[in-house]
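Residue-level listing of the chains:
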Amino acid sequence: MSHRLTRRSFIGTSAGALITATSCSSEEQAADVSQTESPWVKDSNGFILHPTNLETRLDHLRGLLTPNEQFFVRNHAPTPLIAAETYQLRIEGDAINQPMTLTYDDLLRLPTATNLAYLECAGNWRKFFQEVTGQVASGGQWETGAVGCAMWTGVQLGHVLELAGVLDNAVDVNLFGMDGGEFNRPMSLATALDSDTLLAMSMNGSPMPPDHGFPVRGVVPRWPGSNSVKWLNRIVVSSTRQWVKNNTTSYVLVGDQWPADRHSPADGMPIAALNVKSALALPRPAALHAAVQTIRGYAYSPEGPIRRVEWQADDAGWQPARIVEPVLPRAWQRFEFTWNATTGTHRLRTRATDARGNMQPETVPFNAKGYLMNAILSYSIEVT
C-alpha cells in the first residue's frame, strides 16, 4: 500500500508515463557540476561578510520580498554551477515503491505551486548569546540578517513522492544536495507531505539563482533553513528514522537542558522548528538625527502570522507597533512605529507575539552551538 495524496492532473503526461520515461540506473550521467572561483556568484557588496556566508543588512531592505540579490547566503562550500540540461533528481529508499529519476524538464512539466515564505538559518542571532547570557556559542557569528522572505515556485514535494509511491511504513524523508560534502538533513514524512513543502525552481519570479540552489532546491517553511537543501539531486525515503551528521552533531541543541542520553544518538535535541522573533531594520549601533523618526522592522514565527509587535524606548512601557499589510501565514511581517528621537544615547527594544500566543522572551537558555536565539534584543541608538 502507498500513501495517497491529493492528486492533481499532470501536465502533458500521466504519472505512469513519467516514471517509464525517466526511470534510470544509478550509473547514468548526473548533472554537469563546476565550482565558482569565489564562495558565491552574486556580488557580495552590501552584505556582512562571513567566510562562506553572506548576511543581509535588514536596514537595506524596503519591501515584503527580499530581492534575490540581497537574500542571505548560507553555504557549507562554494556555490556549485550545475547544468540544467544534464540535471537529474533521484527518488529512492526502502519506503519507496518504485525508485525513479526525474530531469529538470520533467519537473517543469508537473503542476506548480507558489509559497510566499521566509527562510531563516537556525544560527541567526548567534552573536547575541554573549550579550544575553555572557557565553559565546560556536559557529558563525550571525547578527540579525540570516533570514529573508521570498516567493518560491516549484513542485510540491508530496506530488513527486506520490509518483514514486510512498509506502505506508515511511518515516523520514532526506534531501541531498550537490555541494561539497553532499549536505543533507532529514525531515519527518508529515513535513515532506505538507502542501507548503516545495521543490522550488523559481525565486521571486526568476529562475533559482545559483547561490540559492539552481536548478532545484527544497523549501521547507517552519523548519530551519538547513532543511531547505540547495542544489538538490537525491531524495531518500526510509522506513526508519534517519540519523546523519546534521541531526546528531549539527543543528541540535547541546547543553544542560538537553542531555545527550535523552536524545541519543544525537548530542542533544535535534531542531525541528524555528521560533518567534522581531528585529529592527537598523544598523548596530545606529545613529539618527534628533527628530520624529519612523522606525521599521521585521517579525516572523513558524506559527505565523504575527499578531502583535510592541516596542519600548529606554525601559519605558511597551507600546504597540503598527503592522504593515499584508499579513500572511508563512511570510515575515513588517512593522513600524513613530519615535520622538531626542539628543543622547537611547535603547530601543521590540517583542513579537504570534497567532498561537508565543511571545519573545527576555532571555533564553544557552546552547553550545548557538541555535534558536530569540531573546528580546537591545538596539543602541546615538541621536545627534
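Structure: above.
Values in this document were obtained by computation on a predicted structure and should not be read as measured data. (Residues numbered from 1 in each chain as written. Predicted model: local features only at pLDDT ≥ 70, side-chain atom pairs only at ≥ 80, totals over all residues. Heavy atoms only, no water.)

Enquirer: An account of the overall build of the protein chain is requested, with residue identities and associated values reported.
Expert: Counting secondary structure elements, the protein chain contains 7 helices and 26 strands. The C-alpha radius of gyration computed for the protein chain amounts to 22 Å, which stays within 12% of the reference 21 Å derived for 384 residues, consistent with globular compactness. Counting only C-alpha atoms, the protein chain reaches 70 × 45 × 40 Å along its principal axes. Put simply, the protein chain has 384 residues, and 56% of those count as buried. Counting 32 positive and 36 negative side-chain charges, the protein chain places the centres of these two groups 5 Å from one another. (Helix = DSSP H or I, 4+ residues; strand = E, 2+ residues; numbered from the N terminus. Rg over C-alpha atoms; globule rule 2.2 N^0.38 Å. Buried < 20%, exposed > 50% of the residue type's maximum accessible area, 1.4 Å probe, protein only. Lys, Arg positive; Asp, Glu negative; His and termini not counted. Charge placed at Lys NZ, Arg CZ, Asp CG, Glu CD.)

Enquirer: Tell me about the pairing of strand β26 (residues 378-383), and please be specific about residues and values.
Expert: Pairing geometry for strand β19 (residues 286-288) and β26, over 3 bridges, is parallel. Within β26, the residue paired with Ala286 across the bridge is Ile381. Of the strand pairs in this sheet, strand β25 (residues 344-354) and β26 are connected by 6 bridges, and their pairing is antiparallel. Bridge assignment links Arg349 to a residue of β26, and that residue is Ser378. (Pairing = 2+ DSSP bridges.)

Enquirer: So what's going on with the sheet that holds strand β23 (residues 322-324)? Residues and values would help.
Expert: Taken together, 4 strands build an open sheet; the order of strands is β18-β20-β24-β23 and the sheet is antiparallel. Sheet topology places β18 (277-280) and β23 at the edges, where each strand pairs with a single neighbour. Across the sheet, the mean angle separating the axes of adjacent strands is 30° when strand polarity is ignored. (Axes fitted to C-alpha atoms, helices over the stretch in contact; angles between N-to-C directions.)

Enquirer: Can you lay out empty space enclosed by the protein for me, pointing to particular residues and giving the numbers?
Expert: Following the criterion strictly, the structure yields 1 cavity of 30 Å³ or more and no others. Of the pockets and cavities examined, the largest cavity occupies roughly 280 Å³. Looking at the lining of the largest cavity, the elements with two or more residues in it are β4 (73-74) and β8 (113-120). Split into classes, the residues belonging to the lining of the largest cavity amount to 9 nonpolar, 6 polar and 5 charged. (1 Å grid on protein atoms, 1.4 Å probe; cavity = no way out; pocket = protein on both sides within 12 Å on 5 of 7 lines; lining within 4 Å. Points joined across faces, edges and corners; volume = space filled by probe spheres on them. Nonpolar A, V, L, I, M, F, W, Y, C, P; charged D, E, K, R; others polar.)

Enquirer: Give me the nonpolar core: which residues, what numbers.
Expert: In terms of nonpolar packing, the biggest core is built from 102 residues, with Ile91, Trp152, Val173, Ile235, Trp332, Trp339 and Leu348 touching the most fellow members. Setting aside anything within four residues of it in sequence, one finds Trp339 in contact with Leu288, Ala291, Val292, Gln293, Ile295, Trp311, Ala313, His346, Leu348, Ile381 and Val383. (Core = buried A, V, L, I, M, F, W, Y, C linked by side-chain atoms within 4.5 Å. Contact = heavy atoms within 4.5 Å.)

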